[in-house]
Amino acid sequence: MKRVDLILSERELDAVIQAIEAAQAPGYSVMKHVTGKGPHGAVSEAMDFSGLGANAHVIVFCEAEILPKLREGIQPLLDYYGGVAYVSEAEPL
Amino acid sequence: MKRVDLILSERELDAVIQAIEAAQAPGYSVMKHVTGKGPHGAVSEAMDFSGLGANAHVIVFCEAEILPKLREGIQPLLDYYGGVAYVSEAEPL
Amino acid sequence: MKRVDLILSERELDAVIQAIEAAQAPGYSVMKHVTGKGPHGAVSEAMDFSGLGANAHVIVFCEAEILPKLREGIQPLLDYYGGVAYVSEAEPL
Amino acid sequence: MDTSLVLQNLLTPPVLFFFLGVLAVLVRSDLEIPTPLPKLFSLYLLLAIGFKGGLELQHSGVGGQVLPTIGAAVAMSLIVPIYSFLVLRLKLDGFNAAAIAATYGSISAVTFITAETFLESQKLPYDGFMVAALALMESPAIVVGLLLVQLAVPKPGQQRPGPQGMRWGTVLHEAMLNSSVFLLVGSLVIGFLVAANSPHSVEKMLPFTDKLFYGALSFFLLDMGIVAAQRIGDLRRAGAFLIGFSVLMPLFNALVGALIARVLHLAPGNALLFVVLCASASYIAVPAAMRMTVPQANPSLYISTALGLTFPFNIIVGIPLYMQLVNRLLPPIA
Amino acid sequence: MDTSLVLQNLLTPPVLFFFLGVLAVLVRSDLEIPTPLPKLFSLYLLLAIGFKGGLELQHSGVGGQVLPTIGAAVAMSLIVPIYSFLVLRLKLDGFNAAAIAATYGSISAVTFITAETFLESQKLPYDGFMVAALALMESPAIVVGLLLVQLAVPKPGQQRPGPQGMRWGTVLHEAMLNSSVFLLVGSLVIGFLVAANSPHSVEKMLPFTDKLFYGALSFFLLDMGIVAAQRIGDLRRAGAFLIGFSVLMPLFNALVGALIARVLHLAPGNALLFVVLCASASYIAVPAAMRMTVPQANPSLYISTALGLTFPFNIIVGIPLYMQLVNRLLPPIA
Amino acid sequence: MDTSLVLQNLLTPPVLFFFLGVLAVLVRSDLEIPTPLPKLFSLYLLLAIGFKGGLELQHSGVGGQVLPTIGAAVAMSLIVPIYSFLVLRLKLDGFNAAAIAATYGSISAVTFITAETFLESQKLPYDGFMVAALALMESPAIVVGLLLVQLAVPKPGQQRPGPQGMRWGTVLHEAMLNSSVFLLVGSLVIGFLVAANSPHSVEKMLPFTDKLFYGALSFFLLDMGIVAAQRIGDLRRAGAFLIGFSVLMPLFNALVGALIARVLHLAPGNALLFVVLCASASYIAVPAAMRMTVPQANPSLYISTALGLTFPFNIIVGIPLYMQLVNRLLPPIA
Ligand SMILES: Nc1ncnc2c1ncn2[C@@H]1O[C@H](COP(=O)(O)O)[C@@H](O)[C@H]1O
Ligand SMILES: Nc1ncnc2c1ncn2[C@@H]1O[C@H](COP(=O)(O)O)[C@@H](O)[C@H]1O
Ligand SMILES: Nc1ncnc2c1ncn2[C@@H]1O[C@H](COP(=O)(O)O)[C@@H](O)[C@H]1O
Ligand code: NA
Ligand code: NA
Ligand code: NA
């Protein structure tokens, strides 16, 4: 099994989840209110009151077969809006 | 060292933590307010005001020896209530 | 690529982020409001109103070259204040 | 049906803000009330309604109608789930039927509160002991729900992990001491004690528990509108049977309630509140309990019926409708 | 310049709590208002200002000045971004120039509210329809902003993922139905309806929407002070050109606004609010929209100019200054 | 001991809601006030108490008793940790002794506020400058705490990472500018300025800072009850010595405080507040500072003594008891 970690702006979350569902991943989990820093600068929660939001961390546990489809849906979003996506190995407990 | 990731409903959190302590893991960390989707459907924070809660993400860093005991305590809860549990490799920094 | 997971008290977060930036990691993400238990006892959110805070979970995706510099900046903080740091493998999606 | 009463109810801030929340979802605005703000308002409403009930209970005393009314309320919370279950079993499996049945046996505090503000706009008095009835109707239905599961689904393989003895303990504990029952009853007792012993401090509580109440209710209903509308999709999947159930069952329960109110000789204000308790369904205490005790049931079914349909129906059309029912069925008071 | 008016404005709780927030950042105190508490206050302020505007609109009616004033307001929200863009292009690329231009065409509800409380302290009346102008000035600038990007930067490689047709739909949707416009307009309509149909319930809303307002505004400005001060560092990086822009452009817009107010024969209260709408810049709806539609622009530039400099300038010095401008330019009313 | 005064204090909403919170933990109800809601209430209380203190300080002026009282308060916050440390060293190591000692030298704003509402119910006046005393007693104890650690535990291996010079800077910064001191002092200054310059806006703040105060305090004490009760387990582990300390030390400090109040000729209201400042222990500013500067100390010890035992003792029994002490020790005013 694979574990995919996605970190991106909350504002693109809906599009990313659509991509995950389109790739038919068996499930996913989302943590909001993630702050951080990347090539596009720092993201804080200070502007949250304005609707700007912070980042979200999405975890997907899935089979390796799903990765290409996932990459296809998510990579354009990350390229345009920023954010990171990494894959690691995971075994069921 | 192993890294165990558990994602399950906040309502079963107490039972899962008891299982982790029973397995004598050296520690654990909990993130609440996790939303997501799995075989049992979608979980959002919208019903949080009602006491229904969302999901929790639990991370345990531990030795491989602890895994069987952990599995024994947690697997029945996941089977009955839903949720996922995965293990990956981790080295101290 | 490497994935570094740090879990430590919110009160030391600023110092840890300074260490991450000093190590020239390409970015990092922070989740606050993490509770948990470790060798120094349990940490809850109950005292949050008092300014005591809970724990934070920091994720850094970076090249292996950066790890020694990161370790150097972070290990003294973890040794003095508590907290855990683990490294695992990760590949870009 | 006197549409003017419905219209009067429609054009009040609580109901209009509920609609605004529904509209936000329908037009896909990104309006949301982030957690835990809805919790702040729901805790506040429970505390305030309990406290005010306690004050009034102290003033009115535990007079003649109190015990029969409360007794009838508890009886309804035991009986409603049983006949609901029988109806629901026509189409649903035992787990889901039991969970939905429990939902309709219990009550919705927000519907009750909205009915109170409706009575105030109608200048009709009501008594503090009705809050006690509200509090006591939450728990029994949870217990009946689990009894129904055990009777209907005695599959040994599906047992909850952990020792069997603990199970009943957990259910009773969850039923009696879940946070909404606990806070409501606790605030009621506090209001009752303070009204007798510290009138000075009652004065100082009122700006918080009383003056703010209507605005806070309106704000909370904005969120309830959002949450209820998000359930509309689930409802479509639930099918015609459940949609019909979630409108017809409240109407039937309201009728039974109105008849009981007549027998008990309740005044119109109390009668309306009694009917609303019978007709409303829980989307707070019961779903939380069912998620824990009957995880085999699908939460989207019992939440979406109670919250997505019965709740809006009650606060928009139900309350003025039940008022007319009460006016017709109850003998006029000289 | 009449410094006593500035001083009078300075020594009010909202402005002083704003300073306290700024000071907290400057002395590196760990004071913070954790999310989502600032959201609670911003939702509350929008709801309350909309509701109060609706009440007043019902009382004043949609009389002679209403449509011309609203028309002029919308026109300003279309024109300001265009000339701002031309100025900004002198130093900035098309993406950043368009995003900042849109920001200055739109408005800041909190600046507007602070101006209202200033008018109240001056005992000057103003009309409910100004809230409608506020609501209608938020959206057009967002659309103009995106038009400017498309005209100025027709690079095909930088297209947003997804079908091109959807893009305009998304922008219009975000412009018209973003949560702050939606809640403001919705509350305005509710206030308008309730004032006509349910005066009893207006009374019951006022402790929440009216009495608490000033204190809640002060609390929120404490957070705004913290957030604005955190932007000061960004500003230094933005350079002298943007710093100059974020003070001089509001002054210029205020002057244009005052002249229009004179042409429209607005009373001093309404005239001040009109000027403040022209002079203020958005750090709520517009940045959220720009982040989505022009991610190539650097958020720290458009947020820090609007929030880090223009906003403090307006609430501290701008409002009393514009008041004097209005007093000079407008013919005295007999 | 006049039990009627204790009973009068017991049967007020703040104390009863505190008990309700304790009860929730004891019966294992799932009632909780999720973060950051408790923070909202604690920020609000500090802002309101500071603002009200500033208003009163403006009215009463910085008269004869002000400076001696504040001086005595600061002196107590320096001396109490020293003799507490000596007592605590009998059983504890230097780190824990220093951290607990600092806790008892500092103050609890909520205890102070509860004492104010008690005085109001007794119709006894008190002065705004007592809030200044409250604010100035928070910091010194933190500095003394760290001094004690350095004197008692000069182990070089346990040094804090980073240059040594920075350490004292950090401690002083944390002591003087931590968020609770900062917000309290800032609001006090704002209240002071506004009372003199803008009486109109004071009126508009009062519904927020004054009318809501009692209800918000009651709500917050519900959470404090939950949090305090969660500490009871820790206390059992802390042992009889610390349990005794956390009741006897406040009583001793109260006695010293009452004698000082007598020497200063304080009126009964101010005297009670002075005694309460001496007798209370910090579970806000000090634990946060100790966690940072003395991580070797066990937080569950200093938090559970101050919050789990001394705080409940003070608000339940202590305040009325200290009132009697003041009545006995102070010469009656003609
Ligand atoms: N190397 C990294 N490690 C961890 N998180 C990162 C990294 N780079 C970016 N992020 C996260 O992704 C968010 C968006 O990144 P970007 O828009 O590419 O700057 C940042 O705000 C961080 O939260
Ligand atoms: N494949 C998955 N990847 C990540 N999270 C998952 C996955 N499956 C389930 N989850 C999480 O576990 C929760 C409970 O799953 P379940 O009850 O099995 O539907 C879901 O709401 C998700 O948050
Ligand atoms: N073995 C572990 N697995 C996961 N989290 C841990 C572990 N040990 C400690 N932690 C986290 O790190 C925090 C600080 O640990 P410590 O101060 O060393 O007790 C704890 O409160 C936990 O949130
Ligand atoms: Na019912
Ligand atoms: Na503008
Ligand atoms: Na003290």
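Our subject is the structure listed above.
Quantities reported herein were computed from a predicted structural model and do not represent experimental measurements.

Some thoughts on the overall build of chain A
Stage number 1. Regarding its fold elements, chain A presents 2 helices and 6 strands.
Stage number 2. Listed by position from the N terminus, the elements making up chain A come as β-α-β-β-β-α-β-β.
Stage number 3. For chain A, the C-alpha radius of gyration of 13 Å lies close to 12 Å, the compact-globule estimate for 93 residues.
Stage number 4. The dimensions of chain A, computed from C-alpha atoms along their principal axes, are 40 × 30 × 20 Å.
Stage number 5. Looking at chain A residue by residue over its 93 residues, the buried ones come to 61%.
Stage number 6. Taking the contacts inside chain A whose residues are at least 6 apart along the sequence as the reference set, 74% of them involve residues at least 24 apart.
Stage number 7. Accessible surface, chain A as shown: approximately 3,500 Å² in total, 52% of it carbon and sulfur.

Thoughts on the relation of the copies chain D and chain E
Stage number 1. At an RMSD of 0.0 Å, chain D and chain E line up after a rotation of 120 degrees and a shift of 0.0 Å along the axis. What we have between these two chains is a three-fold relation.
Stage number 2. A different interface surface on each copy is seen, since only 9% of the contact residues of chain D are contact residues in chain E too.

Some details on the coordination of the sodium ion (ligand 5)
Residue and element names in this part refer to chain E.
Stage number 1. Bound to the sodium ion (ligand 5) on the protein side are Tyr104 (O), Ser106 (O), Leu277 (O), Cys278 (O) and Ser280 (O), at distances that span 2.4 to 2.9 Å.
Stage number 2. Positions of the donor residues of the sodium ion (ligand 5), expressed as sequence spacing, correspond to Y-x1-S-x170-L-C-x1-S. A residue pair is termed long-range when its members are at least 10 positions apart, and Tyr104 in helix 5 (residues 94-105) and Leu277 in helix 14 (residues 268-279) qualify at 173 residues. A single burial state applies to Tyr104 and to Leu277, both of which are buried.

What to know about the packing of aromatic side chains
Stage number 1. For the structure on display, the rule yields 33 aromatic pairs over all chains.
Stage number 2. Between Phe18(E) and Phe311(E) the ring centres are 5.5 Å apart and the planes differ by 70 degrees, which places this aromatic pair in the edge-to-face class. Here the residue Phe18(E) occupies a position in helix 2 (residues 13-26), and Phe311(E) occupies one in helix 16 (residues 299-329), the gap between them amounting to 293 residues.
Stage number 3. You can call Phe18(E) buried: its relative accessible area is 2%.
Stage number 4. Between the aromatic rings of Tyr283(F) and Phe311(F), the centroid separation amounts to 5.2 Å while the plane-to-plane angle is 70 degrees, which identifies the pairing as edge-to-face. Here Phe311(F) lies in helix 16 (residues 299-329) and Tyr283(F) lies in the loop between helix 14 (268-279) and helix 15 (285-293), a separation of 28 residues in the sequence.
Stage number 5. Taking relative accessible area as the criterion, Phe311(F) reaches 1% and is therefore assigned buried.
Stage number 6. A cation over an aromatic ring shows up here: Lys52(D) above the ring of Phe213(D), its NZ or CZ 3.9 Å from the ring centre.

Side note on the site of ligand 3
Stage number 1. Near ligand 3 you find 19 residues, and of these Ser29(B), Phe61(B), His40(C), Asn55(C) and Gly83(C) are the closest.
Stage number 2. Each of chains B and C places residues next to ligand 3.
Stage number 3. Side-chain polar atom of Asn55(C) to an oxygen atom of ligand 3: 2.7 Å apart, as the coordinates give it.
Stage number 4. Considering ligand 3 on its own, with 490 Å² of exposed area, one finds that the protein chains cover 95% of that surface.
Stage number 5. Counting only elements with at least two residues in the shell around ligand 3, the list comes to strand 2 (28-38) and strand 4 (55-62) of chain B together with strand 2 (28-38) of chain C.
Stage number 6. It is strand 2 of chain C that contributes the most residues to the shell around ligand 3, 4 residues altogether.
Stage number 7. Residues belonging to the shell around ligand 3 are distributed by class as follows: 9 nonpolar, 9 polar and 1 charged.

Considerations on the coordination of the sodium ion (ligand 6)
Residues and elements named next belong to chain F.
Stage number 1. Here the sodium ion (ligand 6) is held by Tyr104 (O), Ser106 (O), Leu277 (O), Cys278 (O) and Ser280 (O), and the distances to it run 2.4 to 2.9 Å.
Stage number 2. All donors of the sodium ion (ligand 6) belong to a single chain; written as a sequence motif, their spacing is Y-x1-S-x170-L-C-x1-S. Here Tyr104 is found in helix 5 (residues 94-105), whereas its partner Cys278 is found in helix 14, with 174 residues between them in sequence.

Brief notes about the interface of chain D and chain E
Stage number 1. If you look at the interface, chain D gives 33 residues, while chain E gives 27 residues.
Stage number 2. Counting the surface lost from both chain D and chain E, the interface buries some 2,600 Å², and carbon and sulfur atoms represent 80% of this.
Stage number 3. Taken together, the links from chain D to chain E amount to 1 salt bridge.
Stage number 4. In this assembly, chain D and chain E are joined by 5 residue pairs in polar contact (both at pLDDT 80 or more).
Stage number 5. Put simply, the parts of the chain that give the side of chain D that touches chain E at least two residues each are helix 2 (13-26), helix 3 (37-60), helix 6 (109-121) and helix 11 (213-230) of chain D.
Stage number 6. Here the side of chain D that touches chain E is composed, by residue class, of 20 nonpolar, 7 polar and 6 charged.

Rules behind the numbers
- Residues numbered from 1 in each chain as written.
- Chains lettered and ligands numbered in written order.
- Predicted model: local features only at pLDDT ≥ 70, side-chain atom pairs only at ≥ 80, totals over all residues.
- Heavy atoms only, no water.
- Helix = DSSP H or I, 4+ residues; strand = E, 2+ residues; numbered from the N terminus.
- Rg over C-alpha atoms; globule rule 2.2 N^0.38 Å.
- Buried < 20%, exposed > 50% of the residue type's maximum accessible area, 1.4 Å probe, protein only.
- Contact = heavy atoms within 4.5 Å.
- Areas by Shrake-Rupley, 256 points an atom, 1.4 Å probe, with all protein chains shown as cover.
- Least-squares fit on C-alpha atoms with pLDDT ≥ 70 in both.
- Donors = N, O, S within 2.8 Å, 3.2 Å for Na, K, Ca; no water.
- Phe/Tyr/Trp six-rings, centres within 6.5 Å; stacked < 30°, edge-to-face > 60°.
- Lys NZ or Arg CZ within 6 Å of the ring centre and 35° of its normal.
- Near = heavy atom within 4 Å.
- Polar contact = N/O pair within 3.5 Å; in protein donor to acceptor, adjacent residues only side chain to side chain.
- Nonpolar A, V, L, I, M, F, W, Y, C, P; charged D, E, K, R; others polar.
- Buried area = accessible area lost by both parts, 1.4 Å probe.
- Salt bridge = Lys/Arg side-chain N within 4 Å of Asp/Glu carboxyl O.

Distances and angles like these do not, on their own, reveal function.
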